[in-house]
Amino acid sequence: MEIYYLKILLLSDTTFGRGDGVAGLIDQEVEHDPNGFPYLRGRTLKGLLSEECDNLITVISAPPPSRWIEAVEHLFGIPGSTLETISKMHVGDACLPPDLRREVGIQLDQERDRERRGQERRLTESDVLASLTTIRRQTSIDPEDGAPVEHSLRSSRVVIRDLTFTAQLLFEEKPTADMLALLAISTLALRRVGSVRNRGRGHVQCTLHDSNGKEVTQEHFRYFDQETKG
């Protein structure tokens, strides 16, 4: 099995939306685990990479070369895939560093034990979530008088900038050079993630790394550029 890592640095506040809110608190909550750590679902991340890859294929030539189409199908699969045509890449959830989550998880377990013994907790899952996120509020403005539109106030939780999330990319077999080239460039091209990403949030910098931690983006960018021009 081959393992690569996709690292996502948040350059702006980001909402990993889960499609619901918390009554009386916020209209849109971020996706987070039971310990309060926000994360981006692997299925969502895979869809974002697939979208960027499709955009790249359309600018290579018309019609796209079959070799690149084959690489795309190997990476992301095709609709109605069978066992023979299923995606060869599994994308894991993008999470904060595992050592951080592990240590905080141990402390939360200790605090739960305190609670079971009738003692007051000093750290809760909500505290963890609040330390990594903040709440943003916005409202619509009436263009006629400049006043807020009634009942338009909305609030959403955002993951604060400068945090780095990492997702595992698992391959049952060693990926081909074409697959890595497309994956590397799709990773580089991915600049926006999460909800409201077209309105200023979710600006990110993504890099691809091999199992030894070596960044492979630039190396395969040169390969991709040479091959498409040739």
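Conventions we followed
Residues numbered from 1 in each chain as written. Predicted model: local features only at pLDDT ≥ 70, side-chain atom pairs only at ≥ 80, totals over all residues. Heavy atoms only, no water. Helix = DSSP H or I, 4+ residues; strand = E, 2+ residues; numbered from the N terminus. Buried < 20%, exposed > 50% of the residue type's maximum accessible area, 1.4 Å probe, protein only. Areas by Shrake-Rupley, 256 points an atom, 1.4 Å probe, with all protein chains shown as cover. Salt bridge = Lys/Arg side-chain N within 4 Å of Asp/Glu carboxyl O. Core = buried A, V, L, I, M, F, W, Y, C linked by side-chain atoms within 4.5 Å. Contact = heavy atoms within 4.5 Å. 1 Å grid on protein atoms, 1.4 Å probe; cavity = no way out; pocket = protein on both sides within 12 Å on 5 of 7 lines; lining within 4 Å. Points joined across faces, edges and corners; volume = space filled by probe spheres on them. Nonpolar A, V, L, I, M, F, W, Y, C, P; charged D, E, K, R; others polar. Expected span 1.5 Å × (residues − 1).

Draft legend 1. Molecular detail of the overall build of the protein chain. The secondary structure content of the protein chain amounts to 6 helices and 6 strands. Element order for the protein chain, N to C, with α for helix and β for strand: β-α-α-β-α-α-β-β-β-α-β-α. Counting across all 230 residues of the protein chain, residues that qualify as buried make up 40%. Accessible surface, the protein chain: about 13200 Å² in total, of which carbon and sulfur atoms supply 48%.

Draft legend 2. Quick look at the pattern of salt bridges. Applying the stated criterion to the full structure yields 12 salt bridges. With its nearest N and O atoms 2.1 Å apart, the salt bridge here joins Arg116 to Asp113. A residue pair is termed a helical-turn pair when its members lie 3 or 4 positions apart in one helix, as Arg116 and Asp113 do in helix 3 (residues 98-116) at 3 residues. In this structure Arg116 comes out as exposed when scored by relative accessible area, which is 64%. On the basis of relative accessible area, Asp113 is assigned to the partly exposed category, the value being 31%. A salt bridge links Arg121 to Glu125; the shortest N-O distance between them is 3.4 Å. The network of salt bridges with shared partners includes Asp109, Arg112, Glu115, Arg121 and Glu125.

Draft legend 3. Main features of the nonpolar core. Among the nonpolar cores identified, the biggest contains 47 residues, and Ile8, Leu45, Phe165 and Leu169 are the most heavily contacted of them. Residues contacting Ile8, with those up to four places away along its chain left out, are Leu40, Leu45, Ala94, Leu163, Thr164, Phe165, Val204, Gln205 and Cys206.

Draft legend 4. Examining the layout of surface pockets more closely. For the largest pocket, the calculated volume is near 250 Å³. When contributions to the lining of the largest pocket are tallied by element, the ones reaching two or more residues are strand 2 (89-91) and strand 5 (164-171). Split by residue class, the lining of the largest pocket holds 7 nonpolar, 4 polar and 4 charged. Of the pockets and cavities examined, the second largest pocket occupies roughly 180 Å³. Lining the second largest pocket are Tyr5, Gly92, Asp93, Cys95, Leu96, Pro97, Pro98, Arg101, Thr164, Thr166, Ala167 and Gln168. Those elements giving two or more residues to the lining of the second largest pocket turn out to be helix 3 and strand 5. Among the elements that make up the lining of the second largest pocket, the one with the highest residue count is strand 5 (4 residues).

Draft legend 5. View of helix 3. With 19 residues, helix 3 ought to run about 27 Å at 1.5 Å a step, and its terminal C-alpha atoms sit 27 Å apart, in line with that. For helix 3, every residue scored as buried is listed here: Val104, Gly105, Leu108, Glu111, Arg112 and Arg114. Its buried side turned inward, helix 3 meets helix 4 (125-132).

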